Amino acid sequence: MQLLSAEQLTMRYPGGVLALQDLDLELEPGLIGLVGANGAGKSTLIKILLGLLRPTGGSSRVLGLDPSTQPIEVRQRIGYLPEHDCLPTDVSAADFITHMARMSGLPQASARERAAEMLRHVGLYEARYRTMDGYSTGMKQRVKLAQALVHDPQLLLLDEPTNGLDPAGRDQMLELIRRTGRQFGISVLVSSHLLGEIERVCDHLIAIDGGRLVRSAAIGIFTAQTAVLAVQVDHGLDELRGWLDRAGLAAEDDGRGGLLVPLEADGRAYDLVRDGAFELELPLVRLQRTRRQLQDLFRAVDGEPPVASAGFVAQEDA
Amino acid sequence: MTLEPARTETGTIYDIGYQHYDGPRLGRGYAVSSLFGHGLMAVFALGRGLKASLIPLVLAAAAILPAAFQALATAYTDGQVELFTYSNYFINVSMVFAFFCAARAPELMSTDQRTKALVLYLARALHREDYVLAKVLALVASVLILTATPLLILFAGHVLASTDLWAAFLAESHELLPIFLSSSMMALVLGTLACAIASFTPRRSLAAAAVLGYFMLSRGISEILTDSIRGMWVVWMDLLDPFDVLGGFADWVFGTDPAISQYLGPGVSGVRFAVAGLVYVVLATAALLLRYKKIGT
């Protein structure tokens, strides 16, 4: 069955802000990443899919249902993790998640049982009777994941689930998401402004920018190998570049102290770089075929980097 | 199924795998009634420890105890001492109800806005309107407990003071419908007004002050206008104070003699209090629904 689809989906807020513009989507079940800069329309899309916002144009379907006409049926089948803090502080995680399960229609006994089970799944079993005001950001984030899972949804909508987490907490959360998708057979749509995270857990990627769909495809396409060799030497970059030039290879400076050498079908470039480094007695530290970066995807759109916001820049260092 | 050790902050837990849920899903009606029950518990802070329950329970006691004393007095003095009657009870303890609503409406309406948990409710098997109505009805039902109980205690006092219980019950039973009507009107008007006011701010202390402030100010403004305005409009000014409306409604349904009633009088029909009460309920509910159309997403 088709997981999600959208046709000409448009959302214009009363203030006039155009959050989504003619979005067309067709998605099969799986782990789906939704990337875009802050303000690209990720949260708006998620809220429309939940039936919380009514689109001003176009239509969408979730698990075969229209969220704007059958919101309750849709919401019984999906779990939602909002991007902001949303937990009360004066109740225990176990009580809160039990309550949330009842809000999705689970009888009291099942609600209690599933709440405990989900808290164990996210690694908070021991802490489940403590009130949540003492929880760390990482623990709160995992409670949010547990409440999204408690009614056994077929689809999870996770809005920036790694927001505010330290690197270790980030890893744990990504691993939980990956396991939820792979082992439990629950489809996940996870939004992030960090491409690296999407790359690690998802098998499909949707990129949106300024409310428009940039690309929707299997993740492999975005990260496929390219026909370019990345070359780094400890020193003597210009000498090597000149040498390769004379040998007939037009190397380019990659702007980060290395060279990019076009790899032709005969694979001659590997040998030439090696020979050049040997002849000039340069210490060759890297000779590697580059992978396409997810970032390129955004740059390719209209020449300049439209979404080179803080998020993407930070990711390059990671 | 393979056992996979999951590293957590508290140690290694062997995950026995994820179990899908294939039990019943009870849907919207169940979700709403659960939320109503949850709200009722929250109003009296049941299950939150004695400290949290202190204020609601003290106020509940303050609302009910005068009736208990009156019932005892009726029994011991053979009906000679009658400070509290069915119709004047609310007005004499009205500030207790005002305090109760001001203290507890924010718990229901402001807390989910402050913690932003509201969106988690809206993302589940209920509509916005369901959420609002479940919350409001929780406060209305709580206030109803506080308004109906003392009147029923007065009723019991009248019956038990007699030697022939059955005859006394029959003689007094015509008061049961007015008891139900006046306590329900009290609960509906105060509950919806307090919820509507509290829903406009996520800050609980501000919400409590606003609810209490509204009840105080409406009384003051109503009195000033009644004193200063001349002409045909003056008889409408008391309707600006919800407590006057409720007092008048109680006098009307209990058939208080217009000569001794402070609300009824020549040319002042009790129906206007009934209509005014319902108008308050409708306006407050409409304000709530409008408010919740705008927030939570």
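Right above here is the structure, for reference.
Residues numbered from 1 in each chain as written. Chains lettered and ligands numbered in written order. Predicted model: local features only at pLDDT ≥ 70, side-chain atom pairs only at ≥ 80, totals over all residues. Heavy atoms only, no water.

*Asks:* How should the overall build of chain A be read in this particular structure?
*Replies:* When helices and strands are counted, chain A shows 12 helices and 13 strands. C-alpha extents for chain A along the principal axes are approximately 75 × 45 × 35 Å. For chain A, the proportion of its 318 residues judged to be buried stands at 54%. Taking as baseline every contact in chain A between residues at least 6 positions apart, the subset at least 24 positions apart corresponds to 66%. A total accessible area of about 13400 Å² is found for chain A, and carbon and sulfur atoms account for 47% of it. (Helix = DSSP H or I, 4+ residues; strand = E, 2+ residues; numbered from the N terminus. Buried < 20%, exposed > 50% of the residue type's maximum accessible area, 1.4 Å probe, protein only. Contact = heavy atoms within 4.5 Å. Areas by Shrake-Rupley, 256 points an atom, 1.4 Å probe, with all protein chains shown as cover.)

*Asks:* Looking at this structure, I do not really get the overall build of chain B. What am I missing?
*Replies:* Counting its regular elements, chain B contains 12 helices and 2 strands. Counted from the first residue to the last, chain B has its helices and strands arranged as β-β-α-α-α-α-α-α-α-α-α-α-α-α. Referenced to the eigenvectors of the C-alpha coordinate spread, the extents of chain B come out at roughly 85 × 50 × 35 Å. For chain B, with 297 residues in total, the buried portion stands at 50%. Taking as baseline every contact in chain B between residues at least 6 positions apart, the subset at least 24 positions apart corresponds to 73%.

*Asks:* For this particular structure, what's the right way to read the packing of helix H10 (residues 204–228) of chain B against helix H11 (residues 242–253) of chain B?
*Replies:* Two quantities define a packed helix pair, namely the angle between the axes and the distance from one axis to the other. Residues and elements named next belong to chain B. The geometry of H10 relative to H11 is characterised by a closest axis approach of 8 Å and an angle of 75° between their N-to-C directions. The pairing of H10 with H11 is recorded here as roughly perpendicular in orientation. For the pair formed by H10 and H11, the contact residues are Tyr214, Phe215, Ser218, Arg219 and Ser222 on the first element and Pro242, Phe243 and Asp244 on the second. Broken down by class, the residue content of the contact of H10 with H11 amounts to 4 nonpolar, 2 polar and 2 charged. (Axes fitted to C-alpha atoms, helices over the stretch in contact; angles between N-to-C directions. Parallel < 35°, antiparallel > 145°, perpendicular 65-115°, else oblique. Nonpolar A, V, L, I, M, F, W, Y, C, P; charged D, E, K, R; others polar.)

*Asks:* Mind showing me how you'd approach the interface of chain B and chain A here?
*Replies:* A common way to express how large an interface is: the accessible area buried when the components associate. Taken together, the contact between chain B and chain A spans 39 residues of the former and 50 residues of the latter. Taken over both partners, the interface formed by chain B and chain A buries close to 4000 Å², and the fraction arising from carbon and sulfur atoms is 56%. Summed over the shared surface of chain B and chain A, the result is 0 salt bridges. For the interface between chain B and chain A, the tally reads 20 residue pairs in polar contact (both at pLDDT 80 or more). (Buried area = accessible area lost by both parts, 1.4 Å probe. Salt bridge = Lys/Arg side-chain N within 4 Å of Asp/Glu carboxyl O. Polar contact = N/O pair within 3.5 Å; in protein donor to acceptor, adjacent residues only side chain to side chain.)

*Asks:* In this structure, what is going on with the nonpolar core? I would like to understand it.
*Replies:* Ranked by size, the top nonpolar core spans 163 residues in total, and within it Leu145, Leu157 and Leu189 of chain A carry the most contacts. Take this core: its biggest share by element is 13 residues, from helix H7 (residues 128–160) of chain B. Among residues more than four places away in sequence, those in contact with leucine 157 of chain A are Ile46, Leu49, Leu50, Ile78, Gly79, Tyr80, Leu81 and Leu189 of chain A. Of all hydrophobic cores here, the second largest spans 16 residues; its members include Leu229, Leu263, Ala269 and Leu272 of chain A. (Core = buried A, V, L, I, M, F, W, Y, C linked by side-chain atoms within 4.5 Å.)

*Asks:* Teacher, can you tell me more about H10 of chain B here?
*Replies:* Every α-helical turn comprises 3.6 residues, leaving residues that sit three or four positions apart pointing alike. Residue and element names in this part refer to chain B. The end-to-end C-alpha distance of H10, which contains 25 residues, comes to 36 Å, matching closely the 36 Å that a straight helix rising 1.5 Å per residue would cover. Taken together, the buried positions of H10 are Ala207, Val211, Leu212, Phe215, Ser218 and Ser222. Against helix H4 (94–109), helix H9 (176–198) and H11 lie the buried residues of H10. (Expected span 1.5 Å × (residues − 1).)

*Asks:* Teacher, can you tell me more about the pattern of salt bridges here?
*Replies:* Residue and element names in this part refer to chain A. Within the structure shown, the criterion is met by 13 salt bridges over all chains. Here glutamate 160 makes a salt bridge to lysine 42, at a shortest N to O gap of 3.5 Å. Residue glutamate 160 is found in the loop between strand E6 (155–159) and helix H6 (167–183), and its partner lysine 42 is found in helix H1 (residues 42–49); the two are separated by 118 residues along the sequence. Accessibility assignment for this pair places glutamate 160 and lysine 42 in one class, buried. The partner of arginine 178 in a salt bridge is glutamate 175, with the nearest N and O atoms 3.1 Å apart.

*Asks:* Hey, could you run me through the environment of phenylalanine 97 of chain B in this one?
*Replies:* Residue and element names in this part refer to chain B. Along the chain, the position of phenylalanine 97 falls in helix H4. When the C-alpha atoms of phenylalanine 97 and valine 245 are compared, they prove to be 14 Å apart, with 148 residues separating the residues in sequence. Not counting the four nearest positions on each side in its chain, phenylalanine 97 is found in contact with Ala63, Phe90, Leu146, Thr147, Met186 and Leu190.

*Asks:* Is there a simple way to think about unusual backbone geometry in this case?
*Replies:* Negative phi values dominate among residues other than glycine, just as trans dominates among peptide bonds. Here the phi dihedral of glutamine 8 of chain A falls at roughly 50°; this positive angle occurs in a residue that is not glycine. Along the chain, glutamine 8 of chain A falls in strand E1 (residues 4–12).

*Asks:* Explain the sheet that holds strand E9 (residues 212–218) of chain A to me, please; I cannot follow it from the model alone.
*Replies:* Across a sheet, paired strands are connected by hydrogen bonds in the backbone, their directions being either parallel or antiparallel. Residues and elements named next belong to chain A. If you walk across this open sheet you meet the 6 strands as E5-E6-E7-E3-E8-E9, and the pairing is mixed. In this open sheet, the two edge strands, each paired with only one partner strand, are strand E5 (78–81) and E9. Sheet twist, expressed as the mean angle between neighbouring strand axes with direction ignored, is 15°. Bridge count for strand E8 (residues 204–209) against E9 is 6 bridges, and the pairing is antiparallel. Following the sheet pairing, alanine 207 is matched in E9 by arginine 215. (Pairing = 2+ DSSP bridges.)

*Asks:* What is the right way to read the sheet that holds strand E2 (residues 18–27) of chain A from this model?
*Replies:* All names here are of chain A. Ordered by their spatial adjacency, 3 strands build an open sheet running E2-E1-E4, and the pairing between neighbours is antiparallel. The open sheet has two free edges, formed respectively by E2 and strand E4 (57–62), since each of these has just one partner strand. The average angle at which neighbouring strand axes cross in this sheet is 20°, direction not considered. Note: E1 against E2, 6 bridges, orientation antiparallel. Among the inter-strand pairings, leucine 9 is bridged to a residue of E2, identified as leucine 23.

*Asks:* Before we go on, may I ask you to explain a negative patch on the surface in this structure?
*Replies:* Residues Glu7, Asp22, Asp24, Glu26 and Glu28 of chain A make up a contiguous surface patch of negative charge. In terms of residue count, E2 of chain A provides more of the negative patch than any other element does, 3 residues in total. (Patch = residues over 30% accessible without salt bridge, like charges linked within 9 Å, V, L, I, M, F, W, Y side chains within 5 Å. Lys, Arg positive; Asp, Glu negative; His and termini not counted. Charge placed at Lys NZ, Arg CZ, Asp CG, Glu CD.)

*Asks:* Got a minute to help me understand the packing of aromatic side chains in this structure?
*Replies:* Any two aromatic rings considered together are summarised by their centre-to-centre distance and by the angle between their planes. Residue and element names in this part refer to chain B. Applying the stated criterion across every chain yields a total of 12 aromatic pairs over all chains. Ring geometry for phenylalanine 44 and phenylalanine 100: centres 5.7 Å apart, planes at 45°, overall tilted. Taken together, the residues span a long stretch of sequence, with phenylalanine 44 in the loop between helix H1 (27–43) and helix H2 (50–77) and phenylalanine 100 in helix H4 at a distance of 56 residues. Each member of the pair, phenylalanine 44 as well as phenylalanine 100, carries the same accessibility label: buried. By the ring-pair criterion, three or more aromatic residues cluster together here, those being Tyr121, Tyr131 and Tyr292. Positioned over the ring face of tyrosine 121 is lysine 135, at 5.9 Å from the centre of the ring. In this arrangement the basic side chain of arginine 272 is found over the ring face of phenylalanine 273, its NZ or CZ atom lying 5.1 Å from the centre. (Phe/Tyr/Trp six-rings, centres within 6.5 Å; stacked < 30°, edge-to-face > 60°. Lys NZ or Arg CZ within 6 Å of the ring centre and 35° of its normal.)

*Asks:* How should the pairing of strand E12 (residues 259–262) of chain A be read in this particular structure?
*Replies:* Residue and element names in this part refer to chain A. By the alternation rule, side chains of E12 split into Leu259 and Val261, which are all buried, and Leu260 and Pro262, of which none is buried. Two elements, strand E11 (residues 252–253) and E12, share 2 bridges in a ladder whose sense is antiparallel. Residue pairing in the sheet places glutamate 252 in a bridge with leucine 260 of E12. Where E11 folds back on E12, the antiparallel hairpin that results is connected by 5 residues, among which glycine 255 adopts a positive phi of roughly 80°.

*Asks:* Help me understand the state of the cysteines, please; the structure alone is not making it clear to me.
*Replies:* A covalent bond between the sulfur atoms of two cysteines is what we call a disulfide. Residue and element names in this part refer to chain B. Counted by the stated rule, this structure contains 0 disulfides over all chains. Left without a disulfide partner, cysteine 195 is nearest to the cysteine sulfur of cysteine 101, which lies 8.0 Å away. Owing to a relative accessible area of 0%, cysteine 195 belongs among the buried residues under this scheme. (Disulfide = S-S within 2.5 Å.)

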